[in-house]
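# A structural walkthrough
Listed here are the chains, written in short residue letters.
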Amino acid sequence: MPAMADETLFQLLHTQVVAAAYGAGRGSGDEGLRAGLTVLEGMGFRVGQGLAERLPQGALAFREELDTIKFLCRDLWGAVFGKQTDNLRTNHQGTYILQDNNFPFLTQMAWGQQYLEEAPKFLAFTCGLLRGTLSSLGIESSVTASVTSLPACKFQVVIQKA
């Protein structure tokens, strides 16, 4: 199947998963939103773990934390979204910002800023994906996402120091 068809099917599947996470009697208002975000983040976490488990053991022997994050930006992002992140920033103290100026899950929403408040629903899975991959690589982290202008978004990865 061509890559374009794969991307389209993945985006449609993700859209349906988001719709299902916010349906099924999860409540309304903030409680329902939190429940849906938790479900999507958990699904992404498990997918991230699964992706990391399928990689050859020697391929993931990173010496530096920054090398691991660069792996996420290039290789993981490329495998999942068919492109690299647009920008990586760090404060060199365990906080990393991954920026994607044309995030695939938000491109269908790009025509209206009125959908900005709906964007977190479409980012929770990817937050879990990043956290799950890092967890499988032995790095505990927290991942949050923010959107100020569709379809661009930023993922903040904060490494938990032991």
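As the structure is a prediction and not an experimental result, all values here were calculated from the model.

### Describing the overall build of the chain
The helix and strand tally for the chain stands at four helices and four strands. The long-range fraction of contacts in the chain, counting pairs at least 24 apart against all pairs at least 6 apart in sequence, stands at 58%. Just so you have it, the chain exposes about 9,200 Å², and 53% of that area is on carbon and sulfur atoms.

### Overview of the sheet that holds strand S4 (residues 153–159)
Read from one edge to the other, the open sheet built from four strands follows the order S1-S2-S4-S3, with strand pairing classed as antiparallel. Of all strands in the sheet, those with a lone pairing partner are strand S1 (87–90) and strand S3 (141–146), marking the two edges. Neighbour-to-neighbour, the strand axes of this sheet turn through a mean angle of 20°, independent of strand direction. Relative to strand S2 (residues 95–100), S1 runs antiparallel, the two sharing four bridges.

### Topic: the state of the cysteines
With the rule as written, the count across this model stands at zero disulfides. In this structure Cys 127 is not part of a disulfide, and its nearest cysteine sulfur, from Cys 153, lies 8.6 Å away. Judged by relative accessible area, Cys 127 falls into the buried class, the value being 7%.

Cut-offs and rules
- Within any chain, residue numbers begin from 1 and follow the written order of that chain's sequence.
- With pLDDT at 70 or above as the cut-off, local features in this predicted model cover only qualifying residues; side-chain atom pairs require 80 or more to be listed or tallied, and sums for whole chains, interfaces and linings still use all residues.
- Side-chain figures throughout are based on the complete set of non-hydrogen atoms in the structure, without hydrogens or water.
- Starting at the N terminus, helices and strands are each numbered in turn, a helix being any DSSP run of H or I of at least four residues and a strand any DSSP run of E of at least two.
- In what follows, residue pairs with any heavy atoms lying within 4.5 Å of each other are defined as contacts.
- Reported accessibility uses the Shrake-Rupley method at a 1.4 Å probe radius. Residues are deemed covered only where the shown protein chains occlude them.
- In this description, strands pair whenever DSSP reports at least two bridges between them.
- Every axis corresponds to a line fitted to the C-alpha atoms, with the helix fit spanning only the stretch in contact, and the corresponding angles, defined between N-to-C directions, vary from 0 to 180 degrees.
- When the sulfur atoms of two cysteines come within 2.5 Å, that pair is taken as a disulfide.
- Each residue gets one of three labels from its accessible area relative to the maximum for its type: buried under 20%, exposed over 50%, partly exposed in between, using a 1.4 Å probe on protein chains only.

Any functional reading would require information beyond the geometric quantities listed.
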